[in-house]
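Below, each chain spelled out in residue letters.
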Amino acid sequence: MTIKELHQKTDWPFVMQGNIDQPITGIHTGDLLSYVMGHGKTGQAWITMQTHQNIIAIASLKEFSCIILIDDNDLDQQTLGIAADNEINVLKSPLDAFETIKTLVKLGF
Amino acid sequence: MLIKTYELTADDFTQAGSISSDIRKIAKGYGMSQETIRRVAVACYEAEINMIIHSHGGQIELSIDDEWFNIAFKDVGPGIENIELAMKPGWSTADVVAQNMGFGAGLGLPNIKKNSDTFNLFSDPNGTLLQLGFKRKDTL
Ligand SMILES: Nc1ncnc2c1ncn2[C@@H]1O[C@H](COP(=O)(O)OP(=O)(O)O)[C@@H](O)[C@H]1O
Ligand SMILES: [Mg+2]
């Protein structure tokens, strides 16, 4: 499934769009950044409750396909700017982490 | 051959990851394998964050020869009190501010060691030196 298809199927809005035609190869969830650096894999969608600017650096370094914010969280202006510069896809789910994951599982992940 | 030197300011979270990103781009430019580039990115990010969170700042030096891609992280203190303890997964002296941002899981140094081909860590109260080496070509 591509980022665009995920967006269409869930109605989760885009906070930032990069290349939305790239495929999502799996899901990673984590809020401890060293854990995410150690265990996340290229192409995965990353679910996190973190919203500060360093998540963009991590998504870029790990080559995640997108970040999924939870609980309707937003990015501040500065972080949005960094996301735009790095062409990072960011969506936001209105659900908590568990319900967000359940939705993804129902979609076949 | 020294390729590039970066200056790093302590406690400046706004720039965190930018040096690692640049080093990753350079590694790509040298045609290193995807897998090695990924390891370079993880190790550099953790080392860069450690300098921001735990040190008074310093320099990061990138050097290259025919076989190796080397990165030295040099800071000006306060040093690591007990390196053996610092290497233990889960051990951290990070403050609450860093923890709330998701740093300070105590996994950085173990992650760096796991992802690098050579790993040397020296520390005293005047500074910490972390030398990492990556083989430019994967040996089959
Ligand atoms: N450059 C450094 N200067 C001083 N102390 C450091 C440095 N790097 C690491 N440390 C010490 O080693 C500990 C473990 O580091 P690490 O494994 O990266 O975990 P974390 O950064 O999550 O605390 C840190 O909590 C800190 O006490
Ligand atoms: Mg660390």
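The sections below set out a description of the structure shown in this document. (Residues numbered from 1 in each chain as written. Chains lettered and ligands numbered in written order. Predicted model: local features only at pLDDT ≥ 70, side-chain atom pairs only at ≥ 80, totals over all residues. Heavy atoms only, no water.)

## Remarks on the sheet that holds strand β3 (residues 44–48) of chain A
Residues and elements named next belong to chain A.
Item 1. An order of β1-β5-β4-β3-β2 is seen for the five strands of this open sheet, with the pairing classed as mixed. If you trace the sheet from one side to the other, it starts and ends with β1 (14–16) and β2 (26–29), each paired once. The sheet shows a mean angle of 30 degrees between the axes of neighbouring strands, direction not considered.
Item 2. Bridge analysis of strand β4 (residues 66–69) against strand β5 (residues 90–92) gives three bridges, and the strand direction is parallel. Pairing of Ile67 across the sheet is with Val90, part of β5.
Item 3. On the sheet, helix α3 (residues 54–62) packs against β3 and β4 and is oriented at approximately 145 degrees with respect to β4.
Item 4. Docked against the sheet, helix α5 (residues 97–106) engages β2, β3 and β4, running at close to 155 degrees with respect to β3. (Pairing = 2+ DSSP bridges. Helix = DSSP H or I, 4+ residues; strand = E, 2+ residues; numbered from the N terminus. Axes fitted to C-alpha atoms, helices over the stretch in contact; angles between N-to-C directions. Contact = heavy atoms within 4.5 Å.)

## A word on the sheet that holds strand β3 (residues 68–75) of chain B
All names here are of chain B.
Item 1. The sheet built from five strands is open, its strands ordered β1-β2-β3-β5-β4 with antiparallel pairing. Taken across any chain shown, the strands that pair with only one partner, and hence form the sheet edges, are β1 (2–8) and β4 (118–124). When the angles between neighbouring strand axes are averaged without regard to direction, this sheet yields 10 degrees.
Item 2. Looking at chain direction, β3 and strand β5 (residues 127–135) are connected through seven bridges and run antiparallel. Bridge pairing in β5 links Asn70 to Gly133.
Item 3. Sheet contacts for helix α1 (residues 18–29): β1, β2 (58–64) and β3; angle to β1, the most-contacted strand, approximately 165 degrees.
Item 4. Here helix α2 (residues 34–54) sits on the sheet in contact with β1, β2, β3 and β5, set at roughly 10 degrees to β3.

## Examining the packing of aromatic side chains
Item 1. Here the structure, examined in full by the defined rule, presents two aromatic pairs over all chains.
Item 2. Ring centres 5.5 Å apart and planes at 40 degrees place the aromatic pair Trp46(A) and Phe64(A) in the tilted group. Of this pair, Trp46(A) sits in strand β3 while Phe64(A) is found in the loop between α3 and β4, placing the two residues 18 residues apart along the sequence. The residues Trp46(A) and Phe64(A) share a single accessibility class, namely buried.
Item 3. Judged by centre distance (5.6 Å) and plane angle (20 degrees), the ring pair of Phe13(B) and Phe103(B) falls under stacked. Taken together, the residues Phe13(B) in the loop between β1 and α1 and Phe103(B) in the loop between α4 (96–100) and α5 (108–115) connect sequence positions 90 residues apart. The pair Phe13(B) / Phe103(B) is uniform in exposure class, with both members buried. (Phe/Tyr/Trp six-rings, centres within 6.5 Å; stacked < 30°, edge-to-face > 60°. Buried < 20%, exposed > 50% of the residue type's maximum accessible area, 1.4 Å probe, protein only.)

## As for the pattern of salt bridges
When charged atoms on two side chains of opposite charge get close, those side chains can pair.
Item 1. In total, this model carries 10 salt bridges over all chains according to the counting rule given.
Item 2. Close ionic contact of Lys92(A) with Asp72(A) constitutes a salt bridge, the shortest N to O distance being 3.7 Å. Taken together, the positions of Lys92(A) in strand β5 and Asp72(A) in the loop between β4 and α4 (77–85) put the pair 20 residues apart, joining distant regions of the chain.
Item 3. In this structure, the salt-bridge partner of Arg39(B) is Asp117(B), at a minimum N-O distance of 3.1 Å. (Salt bridge = Lys/Arg side-chain N within 4 Å of Asp/Glu carboxyl O.)

## With respect to the site of ligand 1
All names here are of chain B.
Item 1. Neighbouring residues of ligand 1: 17 residues in total, closest His54, Ser92, Thr93, Gly106 and Leu109.
Item 2. In the environment of ligand 1, an oxygen atom lies 2.8 Å from a nitrogen or oxygen atom belonging to the backbone of Gly106.
Item 3. Those elements giving two or more residues to the shell around ligand 1 turn out to be α2 and α5.
Item 4. Tallying contributions element by element places α5 first for the shell around ligand 1, with three residues.
Item 5. Considering only residue class, the shell around ligand 1 consists of seven nonpolar, nine polar and one charged. (Near = heavy atom within 4 Å. Polar contact = N/O pair within 3.5 Å; in protein donor to acceptor, adjacent residues only side chain to side chain. Nonpolar A, V, L, I, M, F, W, Y, C, P; charged D, E, K, R; others polar.)

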